[in-house]
Amino acid sequence: MNRLFLFLGGMMKKRVLAVFLLCLLLLTSCADTTATMKEVQFVMSTVVSLDLRDHATPVLMKTLMNRLSEIDVLMSLQKRGSDIDRLNQSQGEVVTVDPSTYHVIEKALEYSRVAGGTFDPSIGHLVNLWGIGTEKAKLPTQEEIEEALQSRGLENIELLGNNQLRLHGETQVDIGAIAKGYAADEMVRIAKEAGVKSAIFNLGGNVYVLGSKGKSPFRVGIQNPFSDRDDYLGIVDVQDTSVVTSGNYERFFVADDGKRYHHILDPQTGYPAESELSGVTVISSNSTMADAFSTAIFVMGLEKGMDFIESIEGVEALFVTNTRDVYMTSGLRSSFTLTDNTFRLVE
Ligand code: AMP
Ligand code: MG
């Protein structure tokens, strides 16, 4: 008896499974693999444009946008209750953060060490003090800057495993220079999982092109750092890679002394990085890394930045100086075209 039931039960299960598989087959064959969709929204304090060139669905678009908001809520320095805010308020207590926050902090520490501290996630105190990009932006006193500099130190960010960390001393964490890169990598991960083969994700100048544009590469414009508008000075032909730009024109304020102060700080001096550079672009299939290194090479300056990027395989960079000279790493020469002749390409 029991065997008969089991046998019949088995038959039923098989039939249900067959019907389910048939439905799945119908659904997937009905899904429009050629469907495209583009959406622009203000997220992560910037204008984000997500352009899906195949396999697009409203559900996927929503998943991508929601993920950006989630990353913003977790990793923002300013948002009360974010993982970073909780960490910065923790006063030496152990804090448990979201696995993605933990991952980004871990990567930030790694890239900071590679870049000799020019990119430094422990400068939260200094970033807050200057407040650039917020309505609290002001020129701090030398004393305040020195105090904020004292609080820096990668060794003060203790990774305990299991998504737990502890901050020592007065150190405050800021991963604002790397979070958008991570977010771009996340867009690519999610889109690929949904079957997307070709897409352009632009997170406020932090671009990721997934796949290619049919048989041709994508053409990505490099921002003209001297223009208020979306003007580009040249184009790079790329596929399956991230193109990340950092510049002194992105966020800045004019202080009472009439001088312009921008948002990329030199962790050595505590002041906005002063070099011959106006903008830099890093090209790498790892956007988290490209974001960290774009900030780093802006601080390093042209010569050191060039040597640094040339020493890393698979990563290229372009440098735009205050005097409109454009320099690039050797691997980029064949894919970059200067389109604005008020700039000069230095071979
Ligand atoms: P990005 O636009 O990627 O170059 O990042 C700039 C942002 O990162 C700033 O708005 C600060 O929040 C933060 N930041 C500024 N200078 C540094 C630095 N040297 N290292 C790490 N983060 C920085
Ligand atoms: Mg960056």
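Anything mentioned here points back to the structure above.
Reading the values: the criteria
- Residues numbered from 1 in each chain as written.
- Chains lettered and ligands numbered in written order.
- Predicted model: local features only at pLDDT ≥ 70, side-chain atom pairs only at ≥ 80, totals over all residues.
- Heavy atoms only, no water.
- Axes fitted to C-alpha atoms, helices over the stretch in contact; angles between N-to-C directions.
- Helix = DSSP H or I, 4+ residues; strand = E, 2+ residues; numbered from the N terminus.
- Parallel < 35°, antiparallel > 145°, perpendicular 65-115°, else oblique.
- Left-handed = near helix turned anticlockwise from the far one by under 90°.
- Contact = heavy atoms within 4.5 Å.
- Nonpolar A, V, L, I, M, F, W, Y, C, P; charged D, E, K, R; others polar.
- Pairing = 2+ DSSP bridges.
- Donors = N, O, S within 2.8 Å, 3.2 Å for Na, K, Ca; no water.
- Buried < 20%, exposed > 50% of the residue type's maximum accessible area, 1.4 Å probe, protein only.
- Core = buried A, V, L, I, M, F, W, Y, C linked by side-chain atoms within 4.5 Å.

## A short note on the packing of helix α7 (residues 179-193) against helix α8 (residues 287-300)
Two elements in contact, α7 and α8, have axes whose closest approach is 7 Å; the angle formed by their N-to-C orientations is 160°. With respect to their mutual orientation, α7 and α8 come out roughly antiparallel. With respect to the hand of their crossing, α7 and α8 are arranged in right-handed fashion. Here Ala-179, Lys-180, Gly-181, Tyr-182, Ala-184 and Asp-185 of α7 come into contact with α8, specifically with Ser-287, Thr-288 and Asp-291. Residues that form the contact of α7 with α8 fall into these classes: three nonpolar, three polar and three charged.

## Some details on the sheet that holds strand β9 (residues 232-238)
Sheet architecture is open: three strands sit in the order β8-β9-β16, paired in antiparallel fashion. The open sheet has two free edges, formed respectively by β8 (218-223) and β16 (336-338), since each of these has just one partner strand. Adjacent strand axes in the sheet meet at a mean angle of 25°, parallel and antiparallel pairs treated alike.

## Some points on the coordination of the magnesium ion (ligand 2)
Here the magnesium ion (ligand 2) is held by the protein donor atoms Ala-177 (O), Asp-291 (O), Asp-291 (OD) and Thr-295 (OG1), which lie 2.1 to 2.5 Å from it. One chain supplies every donor to the magnesium ion (ligand 2), and in sequence these donors are spaced A-x113-D-x3-T. You can see Asp-291 and its partner Thr-295 sitting in helix α8, four residues apart, about one turn around the helix. The pair Asp-291 / Thr-295 is uniform in exposure class, with both members buried.

## A short note on the nonpolar core
Leu-50, Leu-68, Phe-201 and Phe-293 are the most contacted members of the largest nonpolar core, which totals 85 residues. Beyond its immediate sequence surroundings of up to four residues, Leu-50 is in contact with Met-37, Lys-38, Glu-39, Met-61, Leu-64, Met-65, Leu-68, Met-187, Ile-200, Phe-201 and Leu-203. Val-207, Leu-233, Val-326 and Met-328 belong to the second largest nonpolar core, which has 17 residues in total.

The quantities given are spatial measurements derived from coordinates; they are silent on function.
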